[in-house]
Amino acid sequence: MATAEPIYQLATTVQVYDNIRTVEAQLRNCKIESLPERYLWPAEVVENPKPANDEAVAKEEAQNLSIPVVDLAEIDGASEEVRGKIARAMGKACEEWGFFQVINTGIPTTVMDDVNTSAREFFAFPVEQMEKATEPPGKPLMGYGGRLSFLSSKVPWYEYLGEFHTPEPGVEALAKNVWEDGNPRFCKAITDYCNSLEQLGLLILELLAESLNLPKDTYSQHFDKNSNYRGTWRFNYYTPCPKATQTVGQGPHSDPDALTILRQDQVAGLQVRKGNTWVTVEPLPGAFVVNVGDFLQAWSNDRFPSVEHRAFVNEKTDRLSIVYFMSPPPMLNIEAPSGLIGENQQSVFRTFTYAEYLGIMFKNRVTGDFSKKPLDLMRRGTEAAN
Ligand SMILES: O=C(O)CCC(=O)C(=O)O
Ligand SMILES: [Fe+2]
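First, a word on what this report is: a plain description of the structure on this page. (Residues numbered from 1 in each chain as written. Chains lettered and ligands numbered in written order. Predicted model: local features only at pLDDT ≥ 70, side-chain atom pairs only at ≥ 80, totals over all residues. Heavy atoms only, no water.)

### A closer look at the sheet that holds strand β8 (residues 250–253)
Basically, it comes down to this: Paired strands, in this sense, are two strands between which DSSP finds at least two bridges. By the criteria applied, helices consist of DSSP H or I runs no shorter than four residues and strands consist of E runs no shorter than two, each listed in order from the N terminus. Lines fitted to C-alpha atoms define the axes, with helix axes restricted to the stretch in contact, and inter-axis angles between N-to-C directions lie between 0 and 180 degrees.
Read across the open sheet, the four strands follow the order β8-β13-β10-β11; overall the sheet is antiparallel. The open sheet has two edge strands with one neighbour each: β8 and β11 (277–280). Across the sheet, the mean angle separating the axes of adjacent strands is 25 degrees when strand polarity is ignored. Looking at chain direction, strand β10 (residues 270–274) and β11 are connected through four bridges and run antiparallel. Paired with Gln271 across the bridge in β11 is Thr280.

Encoded structure:
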């Protein structure tokens, strides 16, 4: 079981603080006046980067930008031509943004509504009840959390609940710790949702391979149920923060996995880096936000960047995002397919496994070193790669 994997051992250096609900209540009751130091992220992280030239122009440009939208309405039984068009649009979005929104996925509204209701049911509990789902420190970002610092030197203003969907689904064990009857409705909602997202993820991986003129199963074959791939669901819940402008829901990061599929509610909060600015991902009803993770960046030989993103919070409204992370089998060697490497050339990154990569990433983050994107350490010729 994943609990014992050495890749997570570093996370035992985790620092546990008061739950953010306690801090929020203290602020509202004027028991404390300002956010505790640990939530105060540096200005360069919280604010938009200052453009070198004209700030007003850059701001306006950012407002007019939005991540591409890919429509899947015609994908079922599509002709080669139509499928190719969709694949190219997706590939272009990934090359230029590392992000896109996907609409008309065919996933029934009820599947999305049920998981939404389940997430809100959980986060409506008092802290003591939610904490029944807290996992021991060796399983970072699994179970319930909302006061931890192990991925950065600062604490983000958010709570999460998550578990594996595959290879060993953990939702039932988790639910048994929280509800006496194990809440079968909750378990079903999450399982149905993950099954749908898994199918969507496989389709996207196929289309992305096609966009690179690779055999369509180049990536998706490694996400077969029998392949030991890691599918993880996570709810991110951002309670309103009385000092929202001083902190972040999630600091700038790229996702380590291959592909992330996120469903946000109708409250904006996700921002994607584009050059020197941050572009807000506008909530679109029924859409999913898809992004390339570090692993797919390596697997595409740098064609699809895994782009930094962050989530902000606000003073009045809570916000929920529901994420499905697709990570390859931990021991799979990742190397760029030969179709992406020219004659007499080497791949941009050295060969590495996901397990090895997570180890390096956690170490980097626990020590608070954000000066390098972890994936850059795997480029041929860099220190960690040698
Ligand atoms: O909540 C969001 O919009 C961002 C979530 C995210 O980036 C993550 O969970 O990795
Ligand atoms: Fe992320």
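There is more to say, and it comes next.
### Brief notes about helix α5 (residues 109–123)
To keep it simple, the criterion reads: Helix span, expected: 1.5 Å multiplied by one less than the number of residues in the helix. Any residue under 20% of the maximum accessible area for its type is buried, any over 50% is exposed, and the rest in between are partly exposed; the area is computed with a 1.4 Å probe on protein chains only. Of all possible arcs, the one meant is that of the directions from the helix axis to the C-beta atoms.
Between the first and last C-alpha of α5 there are 21 Å, a value that for 15 residues agrees with the 21 Å anticipated at 1.5 Å per step. Among the residues of α5, those classed as buried are Val111, Met112, Val115, Ser118, Ala119, Phe122 and Phe123. With its buried residues spanning 130 degrees around the axis, α5 presents them on a single face.

### Some thoughts on the coordination of the iron ion (ligand 2)
Basically, it comes down to this: Atoms are scored as donors when they are N, O or S and lie within 2.8 Å of the metal, with 3.2 Å used for Na, K and Ca; no water is included, so coordination may look incomplete.
For the iron ion (ligand 2), the protein coordination sphere consists of His253 (NE2), Asp255 (OD) and His309 (NE2), at 2.1 to 2.2 Å. Binding-site remark: the iron ion (ligand 2) is held by donors from one chain whose sequence spacing is H-x1-D-x53-H. Each of the two residues, His253 as well as Asp255, counts as buried.

### Things to note about the site of ligand 1
How we decide: Here a residue is considered near a molecule or strand provided that any single heavy atom belonging to it is located within 4 Å of it. Residues adjacent in sequence count toward polar contacts only when both atoms are side-chain atoms; beyond that, a polar contact is any pair of N or O atoms within 3.5 Å, and within protein one must be able to donate a hydrogen and the other to accept it. The method behind every accessible area is Shrake-Rupley, applied with a 1.4 Å probe, and residues are considered shielded solely by the protein chains displayed.
Inspection of the region around ligand 1 gives Asn236, Tyr238, Gln250, His253, Asp255, Leu262, Leu270, His309, Arg319, Ser321 and Phe325 as its neighbouring residues. The contact in question runs from an oxygen atom of ligand 1 to an N or O atom on the side chain of Arg319, over 2.9 Å. For ligand 1, the protein covers 97% of the area, taking 300 Å² as the surface of the free molecule. If you list the elements that add at least two residues to the shell around ligand 1, you get β7 (230–238), β8 and β14 (319–327). Considering each element in turn, the shell around ligand 1 owes the most residues, three residues, to β14.

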